[in-house]
Structures are given as C-alpha cells and as structure tokens.
Amino acid sequence: MKLLPQSWYARPTVQVAQELLGKLLVREVNGVRLTGIIIETEAYIADDPACHAFKGKAARNQALFGPVGHTYVYFTYGMHFCINIVTREPSVIAGGVLIRALKPIEGLELMGRNRPGHSDANLTSGPGKLTQALDITRADGSIDVTKKGELYIVEGIEVNPADIRATPRIGISTGKDKLWRFTF
DNA sequence: CACCCGATTATCT
DNA sequence: GATAATCGGGTGT
C-alpha cells in the first residue's frame with residue numbers, strides 16, 4: 001500500500017475530497033491494525049460560512065490553518081469526535097475534508113469492542129461512529145497522515161468518477177447550497 | 001420510514 | 001445562555 005505525498009493534499013479542497021473516496025484510512029495502535037475504505041467525505045474551506053475556520057483562527061481550529069496532510073480532530077455535541085484531513089491549495093488560508101464514513105476492512109473485532117452492541121454495518125457509518133471505532137480522540141489531532149504511524153492514509157481502490165455523487169452537506173445551518181458532500 | 005428529542009460540553013455571544 | 005460538521009432511542013404513520 002502506497003502513501004500519498006504531501007503535495008497531493010496541497011490541491012483544491014473540493015477536488016481532494018472527491019479523490020479521497022476509495023482511499024484507505026489506517027489506524028495502528030498497540031500492534032493492531034484497523035483499516036477502512038473512505039466512502040463519504042465533506043469539503044470545508046475558509047471562504048465558507050459552514051467551515052470552522054470561517055470566523056478566523058482560534059485555539060480550536062488552528063490545525064485547519066496548519067500544514068496540509070495533517071489531521072484536524074474536534075469534539076462536538078458534547079460527546080463526539082470528528083476527523084478531518086487538512087487539504088487546500090496554497091492560495092487558500094484554511095480548509096479540510098471531513099471523513100464521514102468508512103467501509104470496515106481490517107480489525108473488525110477491535111472496532112466492535114470499541115463500539116459494543118453494534119453490528120458491523122454500524123461500526124463506521126458516521127463521523128462520530130468511525131472515530132469511536134478507530135479510537136480517535138483529541139490526542140490524534142495534527143498527525144501527519146502522509147507518513148506511517150498511528151494514523152495514516154494509503155491508496156486503496158479505484159473509484160470511477162462517474163460513480164461519485166455530490167449532495168448538500170449534513171447537519172449545518174449555513175452554506176447548504178454547496179454540494180460538497182461526496183459519496184460513491 | 002419519518003420525525004422528534006435528550007445526552008453532554010467546548011466555544012462563542 | 002445558545003449553539004453545534006452527531007448519535008441513538010422513541011413515537012407515530
């Protein structure tokens with residue numbers, strides 16, 4: 001499995017959001033490997049009222065302004081973590097791609113233990129669920145996913161661009177007119 | 001299957 | 001004090 005160079009993430013956020021579909025998110029902790037195919041993403045950039053970075057730099061969202069190819073993990077609704085990959089072209093000040101869903105490939109047993117009482121189909125079928133299944137927390141913010149480590153992304157399956165569907169993003173109150181949620 | 005709501009807390013007004 | 005890039009359980013059709 002091949003890692004993607006940092007330059008791959010230094011391209012327009014909306015384009016990378018689509019190309020992340022089919023890639024593999026790999027979590028390695030305590031010698032156990034958890035893997036899933038990325039099947040749903042959403043793009044967020046600074047020039048977009050729905051983006052956490054829209055109102056400027058703050059303690060919570062600083063990672064969105066940081067180096068591309070790193071993670072941005074935030075905590076929301078008092079109980080959920082969500083993970084983004086920082087991605088943007090050089091002329092854009094901040095931006096990232098929210099990973100909304102995975103298809104579990106490897107390490108189903110541990111994912112199930114991280115989410116007791118749930119069937120395989122419900123392990124990673126939402127942004128808050130997949131972080132729980134992969135045991136991703138605040139501590140996993142600002143990790144470089146272009147290098148093998150506790151958390152990284154490698155090439156996965158080929159996705160036919162014709163199979164990619166663009167729809168409005170979920171759960172936001174502004175910026176609903178943009179079709180920046182991608183599934184295949 | 002559609003809608004409604006409570007849980008729980010960081011962040012902002 | 002209100003809101004939030006959510007989830008899961010409940011109720012009603």
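Before any of the text, the structure's been laid out above.
The rules behind each value
- Residues numbered from 1 in each chain as written.
- Chains lettered and ligands numbered in written order.
- Predicted model: local features only at pLDDT ≥ 70, side-chain atom pairs only at ≥ 80, totals over all residues.
- Heavy atoms only, no water.
- Near = heavy atom within 4 Å.
- Polar contact = N/O pair within 3.5 Å; in protein donor to acceptor, adjacent residues only side chain to side chain.
- Nonpolar A, V, L, I, M, F, W, Y, C, P; charged D, E, K, R; others polar.
- Salt bridge = Lys/Arg side-chain N within 4 Å of Asp/Glu carboxyl O.
- Helix = DSSP H or I, 4+ residues; strand = E, 2+ residues; numbered from the N terminus.
- Buried < 20%, exposed > 50% of the residue type's maximum accessible area, 1.4 Å probe, protein only.
- Pairing = 2+ DSSP bridges.

1. A look at the protein's contact with DNA strand B
Then step 1. Within the structure, DNA strand B sits among Ala58, Arg60, Phe75, Tyr77, Gly78 and Met79.
Then step 2. At the protein interface, 58% of the atoms of DNA strand B within 4 Å belong to sugar or phosphate.
Then step 3. At a separation of 2.4 Å, a base oxygen of DNA strand B approaches a polar backbone atom of Tyr77.
Then step 4. Its residues assigned to classes, the surface near DNA strand B shows four nonpolar, one polar and one charged.

2. A look at the pattern of salt bridges
Then step 1. Summed over all chains, the structure comprises eleven salt bridges.
Then step 2. Across the salt bridge formed by Glu106 and Arg33, the nearest N and O atoms sit 3.4 Å from each other. One end of the pair, Glu106, is in strand β5 (residues 95–106); the other, Arg33, is in strand β2 (residues 32–45), with 73 residues separating them in the sequence.
Then step 3. By relative accessible area, which is 32% here, Glu106 ends up partly exposed.
Then step 4. Classification of Arg33 by relative accessible area gives partly exposed; the value is 38%.
Then step 5. Among the salt bridges present, the one from Arg100 reaches Glu42, with a minimum N-O distance of 3.5 Å.

3. Digging into the protein's contact with DNA strand C
Then step 1. Close contacts around DNA strand C come from 19 residues, with His52, Tyr74, Tyr77, Asn84 and Arg115 the closest.
Then step 2. The sugar and phosphate moieties of DNA strand C supply 51% of its atoms located within 4 Å of the protein.
Then step 3. Between DNA strand C and the protein, one listed contact pairs a phosphate oxygen with a side-chain N or O atom of Arg115 at 2.7 Å.
Then step 4. Here Gly128 contributes a backbone N or O atom positioned 2.9 Å from a phosphate oxygen of DNA strand C.
Then step 5. In terms of residue count, helix α5 (residues 127–133) provides more of the surface near DNA strand C than any other element does, three residues in total.

4. Points about the pairing of strand β6 (residues 151–154)
Then step 1. Residues Leu151 and Ile153 point to one face of β6 and Tyr152 and Val154 to the other, with burial holding for every one of them.
Then step 2. As paired strands, strand β1 (residues 24–29) and β6 are joined by four bridges and run antiparallel to one another. Across the sheet, residue Leu24 finds its bridge partner in β6, namely Val154.

5. Some remarks on unusual backbone geometry
Only a minority of non-glycine residues have a phi that is not negative, and only a minority of peptide bonds are not trans.
Then step 1. For Tyr77, which is not glycine, the phi torsion reads 50° and is therefore positive.
Then step 2. Examined against the element boundaries, Tyr77 turns out to sit in the loop between β3 (71–76) and β4 (80–86).
Then step 3. Tyr77 sits in the exposed class, given a relative accessible area of 69%.
Then step 4. Here Ser142, not a glycine, exhibits a phi torsion of approximately 60°, which is positive.
Then step 5. Tracing the sequence through the fold places Ser142 in the loop between α5 and β6.

Structural measurements only, silent on function.
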